[in-house]
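Spelled out from the first residue to the last, the chains are:
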Amino acid sequence: MNICLPTRDRNGLQSQIHDTFEGAPFLALLDAETLEVEFLSCQDSGQGSALKERPVDAIFCHGMGQPTLTSLNSLGIEVFVTAADNLEETLQALLDGHVRRLERAWTCSGHNPGGECCGNR
């Protein structure tokens with residue numbers, strides 16, 4: 001399974017999960033079987049461009065906007081919410097079956113002027 005996670009840094013399995021998918025400086029592409037990690041920079045191209053032509057089965061994140069969730073779901077990409085701090089913890093939660101699909105009601109409906117999540121307000 002190929003999973004994608006928004007990260008703050010590029011420190012392998014110890015990479016810290018970014019608070020939101022859209023604002024992440026990097027996307028980690030993790031092969032859950034081999035544990036190989038590839039990092040894509042989103043600083044120049046954004047998340048959508050960074051993921052083009054990349055095989056992704058699922059995305060794990062702390063939060064995401066409604067339009068992004070709808071777009072990813074329309075492409076057949078499942079999105080899951082994680083409370084984990086890093087890639088390794090997220091992978092362990094997946095292996096232990098402690099994951100849940102991100103529901104539209106849990107998504108962010110916008111961002112504050114500083115770019116922080118609105119907290120679904």
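So, here is what we can say about the structure in this document. (Residues numbered from 1 in each chain as written. Predicted model: local features only at pLDDT ≥ 70, side-chain atom pairs only at ≥ 80, totals over all residues. Heavy atoms only, no water.)

1. Points about the sheet that holds strand 1 (residues 2–7)
- Strand order in the open sheet made by the 6 strands is 3-2-1-4-5-6, with mixed pairing throughout. Only two strands of the sheet have a single partner each, and these edge strands are strand 3 (37–41) and strand 6 (100–101).
- Pairing between strand 1 and strand 4 (residues 58–61): 2 bridges, direction parallel. The partner of I3 across the bridge, within strand 4, is A58.
- The strands touched by helix 3 (residues 87–96) are strand 1, strand 2 (26–31), strand 3 and strand 4; relative to strand 1, the strand with the most contacts, the crossing angle is about 140°. (Pairing = 2+ DSSP bridges. Helix = DSSP H or I, 4+ residues; strand = E, 2+ residues; numbered from the N terminus. Contact = heavy atoms within 4.5 Å. Axes fitted to C-alpha atoms, helices over the stretch in contact; angles between N-to-C directions.)

2. Focus: helix 2 (residues 66–74)
- For helix 2, the set of buried residues is T68, L69 and L72. The arc enclosing the buried residues of helix 2, seen along the axis, measures out at 100°, which places them on a common side. Of the exposed residues in helix 2, those oriented more than 90 degrees away from the buried face are P67 and S74.
- As for helix 2, its buried residues are in contact with strand 4 and strand 5 (78–81).
- Downstream of helix 2 by one or two residues, G76 has phi in the positive range, about 85°. (Buried < 20%, exposed > 50% of the residue type's maximum accessible area, 1.4 Å probe, protein only. Arc of directions from axis to C-beta.)

3. Concerning the pattern of salt bridges
- Counted by the stated rule, this structure contains 2 salt bridges.
- Where R8 meets D19, a salt bridge forms, and the shortest distance between an N and an O atom there is 3.0 Å. With R8 in the loop between strand 1 and strand 2 and D19 in the loop between strand 1 and strand 2, this pair connects stretches of sequence that are 11 residues apart.
- For D19, a relative accessible area of 45% puts it in the partly exposed group.
- Here R101 ties to E78 by a salt bridge, and the two come within 1.9 Å at their closest N and O atoms. Linking R101 in strand 6 with E78 in strand 5, this pair joins segments that are 23 residues apart in sequence. (Salt bridge = Lys/Arg side-chain N within 4 Å of Asp/Glu carboxyl O.)

4. Things to note about the side chain of T82
- Inspection of the secondary structure assignment puts T82 in the loop between strand 5 and helix 3.
- Of the polar contacts made by the side chain of T82, one reaches the backbone nitrogen of A84; its length is 3.0 Å.
- For T82, the side chain forms a polar contact with the side chain of T90, separated by 3.5 Å.
- In this structure T82 touches F60, C61, H62 and T90, once residues within four positions along its chain are discounted. (Polar contact = N/O pair within 3.5 Å; in protein donor to acceptor, adjacent residues only side chain to side chain.)

5. Focus on the nonpolar core
- Counting 17 residues, the largest nonpolar core has C4, F21, L51, I59, M64 and V79 as the members making the most contacts within it.
- Those elements that provide at least two residues to this core are strand 2, strand 4, helix 2 and strand 5.
- Setting aside its immediate chain neighbours within four residues, C4 contacts F21, L27, A28, L29, L51, V56, A58, I59 and F60.
- If you look at the next biggest cluster of nonpolar residues, it comprises 11 residues, including I17, L30, A32 and F80. (Core = buried A, V, L, I, M, F, W, Y, C linked by side-chain atoms within 4.5 Å.)

By themselves, these figures tell us nothing about what the structure is for.
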